[in-house]
Amino acid sequence: MRLRRVSAAIASVAAVGIVLAACAPPEGEVEGDSSSSTSVSASVGPNDFISYNGFTPETYSTYNSAITDRIKASFFYFDAKGAVQPYEELGTAEVLSDEPLTIEFTIADDAVWSDGEPITVADAVLAWGIQNVNIADAEGAPLFNSVSQDLGDTIPAGPEGDFDGKTFTVQYANPDPDWKIQTYLLDPAHVVAEQAGMSVEELTEAILAKDATALADAAEFWNTGWMTEPGTVPEESLIPSSGPYKIDSWQAGESVTLVANDEFYGPKPETDQLVIRFVAQDAMVQALDNGDLDVISPQPTVDTLSQLEDLGDKATIYDGDTLTWEHLDFNFMPGAVFSDNLELRKAFAMCVPRQQIVDNLIKPINPNAEVMNAREVFPFQDTYQEVLDASYDGAYDEVDIEGAKAIVEEQVATGTEIRIGYSAPNPRRTEEVAIIKSSCDKAGFNIVDAGNEDFFAPGGTQERGDYEVALFAWAGSGQITSGQNIYATGKPQNYGQYSNPEVDAAWTTLATSMDPNVHLEQTKVIEKLLWDDLFGIPVFAHPSLDASSSDLEGLEHNVTQQGIIWNAEAWQRAE
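Quick caveat: nothing in here was measured; it's all calculated off a predicted structure.

## Things to note about the overall build of the protein chain
Then step 1. Along the protein chain, the regular secondary structure elements total 17 helices and 18 strands.
Then step 2. Overall, the C-alpha framework of the protein chain stretches about 70 × 55 × 45 Å when taken along its three principal axes.
Then step 3. With 575 residues in all, the protein chain has 61% of them scored as buried.
Then step 4. Just so you have it, the protein chain exposes about 20900 Å², and 45% of that area is on carbon and sulfur atoms.
Then step 5. Separation of charge centres in the protein chain, based on 29 positive and 95 negative side chains, amounts to 7 Å.

## A few points about the state of the cysteines
Then step 1. Summed over all chains, the structure comprises 1 disulfide.
Then step 2. The disulfide partner of C351 is C440, and the S-S distance across this bridge is 2.0 Å. Residues C351 and C440 are joined through a disulfide that is right-handed, its torsion about the S-S bond being 100°. Residue C351 is found in helix α9 (residues 342–351), and its partner C440 is found in helix α13 (residues 427–440); the two are separated by 89 residues along the sequence.
Then step 3. Classification of C351 as buried rests on a relative accessible area of 0%.

## Structural notes on unusual backbone geometry
Then step 1. Following E99, the chain continues to P100 via a peptide bond in cis, the omega torsion being -10°.
Then step 2. Note that P100 resides in the loop between β5 (91–98) and β6 (101–107).
Then step 3. A cis amide bond links A424 to the next residue, P425, at an omega of 5°.
Then step 4. Topologically, P425 is positioned in the loop between β13 (417–421) and α13.

## Some thoughts on the nonpolar core
Then step 1. Membership of the largest hydrophobic core comes to 84 residues, with the highest contact counts inside it found for L90, F105, F168, Y184, L203, W226 and W571.
Then step 2. Per-element accounting of this core gives the leading share, 8 residues, to helix α2 (residues 121–130).
Then step 3. Discounting residues that sit within four places of it in the chain, F168 has contacts with F75, I103, E104, F105, I107, V121, A124, P159, E160 and Y184.
Then step 4. In terms of nonpolar packing, the next biggest core, distinct from the first, is built from 72 residues, V377, V408, I420 and L520 among them.

## What to know about the pairing of β13
Then step 1. Bridge analysis of β13 against strand β14 (residues 446–449) gives 4 bridges, and the strand direction is parallel. Counted as the bridge partner of R419 is V448 from β14.
Then step 2. Traced from β13 through α13 to β14, the parallel crossover comes out right-handed.
Then step 3. As defined by bridge partners, β13 adjoins strand β15 (residues 469–475) across 2 bridges and the pair is classed as parallel. The partner of I420 across the bridge, within β15, is V469.

## Here's the deal with the pattern of salt bridges
Then step 1. Tallying each qualifying case throughout the model produces 17 salt bridges.
Then step 2. Of the charged contacts in the structure, one is a salt bridge between K72 and D187, with a shortest N-O distance of 2.7 Å. Of the two residues, K72 is situated in the loop between α1 (62–71) and β3 (76–78) and D187 in the loop between β7 (167–171) and α4 (189–195); the sequence distance between them amounts to 115 residues. One exposure class covers both K72 and D187, and it is buried.
Then step 3. Between K346 and E343 there is a salt bridge; the shortest N-O distance is 3.4 Å. One end of the pair, K346, and the other, E343, are both in helix α9, 3 residues apart, so they sit about a helical turn from each other.
Then step 4. When its relative accessible area of 26% is taken as the criterion, K346 is described as partly exposed.
Then step 5. Judged by relative accessible area, which is 29%, E343 ranks as partly exposed.
Then step 6. What emerges from the salt-bridge pattern is a single network uniting D294, D551 and R573.

Rules used in this analysis
Residues numbered from 1 in each chain as written. Predicted model: local features only at pLDDT ≥ 70, side-chain atom pairs only at ≥ 80, totals over all residues. Heavy atoms only, no water. Helix = DSSP H or I, 4+ residues; strand = E, 2+ residues; numbered from the N terminus. Buried < 20%, exposed > 50% of the residue type's maximum accessible area, 1.4 Å probe, protein only. Areas by Shrake-Rupley, 256 points an atom, 1.4 Å probe, with all protein chains shown as cover. Lys, Arg positive; Asp, Glu negative; His and termini not counted. Charge placed at Lys NZ, Arg CZ, Asp CG, Glu CD. Disulfide = S-S within 2.5 Å. Core = buried A, V, L, I, M, F, W, Y, C linked by side-chain atoms within 4.5 Å. Contact = heavy atoms within 4.5 Å. Pairing = 2+ DSSP bridges. Right-handed = clockwise from strand over helix to strand, strands pointing away. Salt bridge = Lys/Arg side-chain N within 4 Å of Asp/Glu carboxyl O.

Right, dumping it as C-alpha cells:
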C-alpha cells in the first residue's frame, strides 16, 4: 500500500499505491495564528526513518512515508474517506481526450522547491523515468530502483512539454482508472542532474531517450545518494522540499524534526515544528500521558484501548474502519519450504485459527470485526460478499487439525520448522504467532516466532527470504489497481516471488479498463486464483485506534494508509 502505481498498499511495516502526499487541503485548515512558534510531536510506530527517497522497495513504508509525505507534494491526495481530491495549490489536471486517454497538467506558477528552484516539467520527466522499467542496464535490469516501474509502458512517450516550463501532457497507451494517483512529481530534477554532472536539460533529454548509459550516474545517485547513516541528514541543498515541511534534524532511533518550509506555495502549516518520534507500540500511551507525545498511532489492542480510556479528559480518541489488513504470506522463493508444495500450504491454512485471532485480539476493539476472506475488498465494503461468493468456498474458515496433520505426515514434513517473520517489537503480532503455534504445532509443524527489528530493513530478513511465512499488513488507499504491484509476476512489492500467468493476465485486464464492472469481475477472478494457489492467508481488517492530547485540534481519522498523520499540517493547539 502511495501507490507507485504501486499499490495502494504500502507495507505497514511494512503497507501501496502511488503515494499521494498528504498536504492538508485548504478546507482542512484550522483557523489560528500560525506565526507563533509551536511544536507538535507524534509517533506512528517504532521504526526509524530511512531516507528522503521513500520510493524504493527498501524505503517505501507507512513509517517512512509519515515523514516524506510532509516534504513531497502531489497533484492529488486521498481525503479522510479515501476519495481522491485535487491539490490545486501545486497545479491542475485536465482530461483532453478519453481515446486515447490524454491529460494536461499545469504546475502553479508559484510552485517552487524549498531552495527556491521552480517546480517544472523536468521534475515530472524525472518521476516518469524513475518509474520506467524500459530504462535498463546491459543485463536488462531497471536502472532506477523504484518501487513503481510501469509508467514507461503506461505512458510510452513520457511527459511532453518544455523541460523548464509549467505545462506538460501525458498520453496513455491504455485507459487507466488510477491516472489521478500516478506519481507525476517525486524528486528534484535539478539536484539529480547536478549530482550526475549534467544540466537539467541533458537529464530530461536522456530520460526521454531512455539513454541508460547517459543516465548511469543519475540513477546511481537516485538509488543510493540519499541513503545516509542513521542520524545523518544529507546537506540541505540535496533534500529540498516541495511540501509544507522540510527536514531539520534526525536523531537516529529517536526522532526526525521537521520545520515549516518558508518557500511553500500552499497553506502554511499551523504548526511550525513537527517532531516524528520513533516509539514502541506499548510505550505510546504512557508517552502521551507524560506529555512526551501529542499524537499517537498505536497498534489497536484491548489493553491499549483500556489505557487510553483511563486517561479520561486528558486525551481524545479517534477510531474507525481502515483500508489496512493483516495477512500471512508464503515464501515462494526457490528452495523455500512452501514454494512448490501446495498441499503443505493447505495444511498450514487449515491449522491457522483465524477466528480465534479475531475473537481474542480484534473483536474487543471492534465488536463487528470478522475474519477477512479477500484481499482487494474489505468486509465493510458493498461488493465484499459478491466477491467472496465467486472466489472462496470457506475451506479454511474452521480449524482442521486432523486434516492438516494427515497432509503433513503424507508430505513427510512432521517437525518442519516454520519461521513466521514480522517486524518486532509488535505485541499483537507476537500474540498472533503464539496463537498460531498453539494450533499448528498440533498438526506437526514447528512454528517459530521469527519476529525481529530488521525484518523490513534494507538487506533484512524479508529481503533475504529468511522466513517461511511473513506476517504484516498492507495499508491501502482508494487505488483500484494497487494489488497488481503485490501479486503480479516480478512486481516490486511481490516480496515472496509468487507467479501465476493467469493472475498477471487478470490484472492487466483490470488495470487497462475504466469500467467498474470489469474491475469487479476481474477482482473475482484474481481472488479465486489467489485462494486456489494459496498465495497467502488474509486474516482481518485493521481497526484504527489513534489518540491525541486534548488540547490539540484539527485531527481527523483517515481510512487510508496515511492514517492520523495525513493532515498534520492542520494541527494546532487550542487556545
